[in-house]
Amino acid sequence: MPDSIRARVLVTLREAMVAGELEPGAIYSAPALAQRLGVSATPVREAMMELTREGLVETLRHRGYRVVALGDVALEEILQIRELVEVPTVGRVAALATAAQVEALRPLADRIDATAAAGELQAFVAADTTFHTEVLAIAGNERLVEEVRRLRGMSRLLGLQKLHEEGRLAATICEHHELLDLLAAADAPGAEAWMRRHLQHVRDIWSGRGDAVSEPADRGTVGAG
């Protein structure tokens with residue numbers, strides 16, 4: 001089976017967990033997920049094995065796979081690490097980014113806005129992850145980018161569905177074009193402040209742990225990704 005299929009399935013399942021479309025505590029079978037993704041069960045099982053090694057999924061013999069529910073403490077620790085890494089790095093990017101590099105990210109920022117407005121939660125997570133990792137990649141540290149990608153994959157944005165249902169998801173999105181404007185202006189302090197604000201949204205609103213969202217999201221669907 002081509003590595004591209006295995007990789008696509010792994011990314012799709014990870015994004016579905018982040019978006020809450022694979023619910024914490026719920027049990028899923030490989031054949032059912034494979035049917036929904038339009039692939040065979042083999043890459044799904046391989047992806048679930050990888051997610052099990054990462055502690056994100058629990059294998060239940062003869063039953064399937066249960067998505068592990070991460071507690072508030074674990075999620076807060078993840079966000080603290082991201083803040084330590086991403087805030088100073090985006091400041092460095094502001095000093096390094098060329099005009100061409102910044103402009104190349106504009107379509108991704110547009111896609112984040114469009115998917116949020118449409119309530120395409122998994123696509124929103126994918127676009128947001130790609131945007132942020134490509135911004136950080138400008139700093140030239142590939143291992144840092146991969147670590148941030150891994151940490152983002154451990155997040156749980158269970159408040160997204162509720163926000164969309166209430167028509168408030170798009171309003172909670174930090175304007176990503178604003179970050180690009182700050183990078184274009186080489187405004188490192190402004191870019192770092194933007195990143196802190198973005199992570200605060202993840203912490204208090206998108207996660208469903210803040211005052212704005214008090215209940216977990218309803219089950220969504222898993223897209224092909």
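First things first, this report covers the structure right here in the doc. Quick caveat, the model's predicted, so the values are computed rather than measured. (Residues numbered from 1 in each chain as written. Predicted model: local features only at pLDDT ≥ 70, side-chain atom pairs only at ≥ 80, totals over all residues. Heavy atoms only, no water.)

A separate point is the pairing of strand 3 (residues 64-67). Pairing analysis gives two bridges linking strand 1 (residues 27-28) to strand 3, with the strands arranged antiparallel. Among the inter-strand pairings, Ile 27 is bridged to a residue of strand 3, identified as Arg 66. Bridge count between strand 2 (residues 57-60) and strand 3: four bridges; the pairing is antiparallel. Counted as the bridge partner of Thr 59 is Tyr 65 from strand 3. Counted between consecutive antiparallel strands, the loop separating strand 2 from strand 3 contains three residues, among which His 62 sits at a positive phi close to 65 degrees. (Pairing = 2+ DSSP bridges. Helix = DSSP H or I, 4+ residues; strand = E, 2+ residues; numbered from the N terminus.)

So, on to the environment of Ala 109. You can see Ala 109 is positioned in helix 6 (residues 106-118). Since its relative accessible area comes to 0%, Ala 109 is described here as buried. Expressed as a C-alpha distance, the spacing of Ala 109 and Glu 178, which sit 69 residues apart in the sequence, is 9.6 Å. Contacts of Ala 109, omitting those with residues within four sequence positions, involve Phe 131, His 176, His 177 and Leu 180. (Buried < 20%, exposed > 50% of the residue type's maximum accessible area, 1.4 Å probe, protein only. Contact = heavy atoms within 4.5 Å.)

An ideal rise of 1.5 Å per residue puts 24 Å on 17 residues; helix 7 (residues 121-137) measures up with 24 Å between its terminal C-alpha atoms. Of all 17 residues that make up helix 7, 13 are buried, and the element is covered over most of its length. (Expected span 1.5 Å × (residues − 1).)

This paragraph deals with the nonpolar core. Inside soluble globular proteins, nonpolar side chains tend to come together where they are buried. Core analysis: the largest hydrophobic core is formed by 38 residues, its most contacted members being Phe 131 and Leu 183. Of all the elements in the fold, those that place two or more residues in this core are helix 1 (3-19), helix 4 (72-96), helix 6, helix 7, helix 9 (160-165), helix 10 (176-184) and helix 11 (188-206). Of all hydrophobic cores here, the second largest spans 26 residues; its members include Leu 10, Tyr 28, Leu 151 and Met 154. (Core = buried A, V, L, I, M, F, W, Y, C linked by side-chain atoms within 4.5 Å.)

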